[in-house]
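Structural overview
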Amino acid sequence: MRLGIVSDLHCNAAGLTEALRLMGDIDELLCLGDTIWEYRFSNEIVRLPKDRGAQVILGNHEEGFFGLHGARARARDGIDPELMDWLAAQPHRLEREIGGKRLLLVHSTPWEPRGAYIHPESARLARFAEADADFVLYGHTHQQVVRRFGGVLVINPGSAGDARDNRNGRLLSCAVLDVASEDVEIIDFPDPQ
């Protein structure tokens, strides 16, 4: 099974559309949070993963939008209430079993309190091995990671919406995971916006 992995879309529908094209034939799409950007909601960026039946989790930008301080943003004209309700109903973390392998999807960290930025060079990245999973998929940093810690393969696809990773020339990126072989392909691409 081939899983397409995106994160930190930040309302960039063109970036997600290009990522989907570049990933090619995938069995399932996984979105690791921050589909929207701060207090901006995009019907288009939420509709794309919803219509594909993607597994979507919430990130810190959704927490802000759906939190106390997001009341004015949620009341704006033009927001499709069905799409907003759908996004609000998504979990903060998701555990799945696919092909006999356990996947954990988180936006920032598998441990509480969540929200820390665990960059590729961080010693705390090794803590992901504490997860009861074969794969831990996370986003938040906008920086790519493919590293094994013990029996856990840790994957961060970078960002398909807001490039911030100097290591790949600040290109957008996504990933494809072959669950059976555990091969991971990181795909870099320029922002089509």
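Residues numbered from 1 in each chain as written. Predicted model: local features only at pLDDT ≥ 70, side-chain atom pairs only at ≥ 80, totals over all residues. Heavy atoms only, no water.

Quick look at the packing of aromatic side chains
Overall, the coordinates contain four aromatic pairs when judged by the stated rule. A ring pair is formed by F128 and Y138, whose centres lie 4.8 Å apart and whose planes are at 50°; its orientation type is tilted. Of this pair, F128 sits in the loop between strand 5 (101–106) and strand 6 (135–137) while Y138 sits in the loop between strand 6 and strand 7 (144–149); the two residues are ten residues apart in sequence, bridging distant segments of the chain. Taking the relative accessible area as the measure of exposure, F128 reaches 0% and is therefore buried. Classification of Y138 as buried rests on a relative accessible area of 0%. Connected via pairs of aromatic rings, a cluster forms that spans F41, F65 and F66. Over the ring of W111 we find R127, and its NZ or CZ is 4.1 Å from the ring centre. (Phe/Tyr/Trp six-rings, centres within 6.5 Å; stacked < 30°, edge-to-face > 60°. Helix = DSSP H or I, 4+ residues; strand = E, 2+ residues; numbered from the N terminus. Buried < 20%, exposed > 50% of the residue type's maximum accessible area, 1.4 Å probe, protein only. Lys NZ or Arg CZ within 6 Å of the ring centre and 35° of its normal.)

Details of the environment of P157
Looking at the element boundaries, P157 is found in strand 8 (residues 152–157). In this structure, P157 is in contact with I5, V6, S7, L32, Y138, Q144, S173, C174, A175 and I186, ignoring residues within four places of it in sequence. (Contact = heavy atoms within 4.5 Å.)

Description of the pairing of strand 5
Within strand 5, five of the six residues are buried, leaving the element largely enclosed by the surrounding structure. Pairing analysis gives six bridges linking strand 4 (residues 93–98) to strand 5, with the strands arranged antiparallel. The residue bridging L94 from the neighbouring strand is L105, located in strand 5. Hairpin remark: strand 4 followed by strand 5, antiparallel, with two residues in the connecting loop; positive phi at G99, about 60°. The sheet contact formed by strand 5 and strand 6 spans three bridges and is parallel. (Pairing = 2+ DSSP bridges.)

Describing the pattern of salt bridges
In the structure shown here, the tally under the stated rule is 14 salt bridges. Of the charged contacts in the structure, one is a salt bridge between D162 and R164, with a shortest N-O distance of 2.6 Å. In this structure D162 comes out as buried when scored by relative accessible area, which is 14%. Connected through salt bridges with shared partners, the residues E63, E112 and R114 form a single ionic network. (Salt bridge = Lys/Arg side-chain N within 4 Å of Asp/Glu carboxyl O.)

So, to be careful, I would describe these as geometric facts and stop short of saying anything about function.
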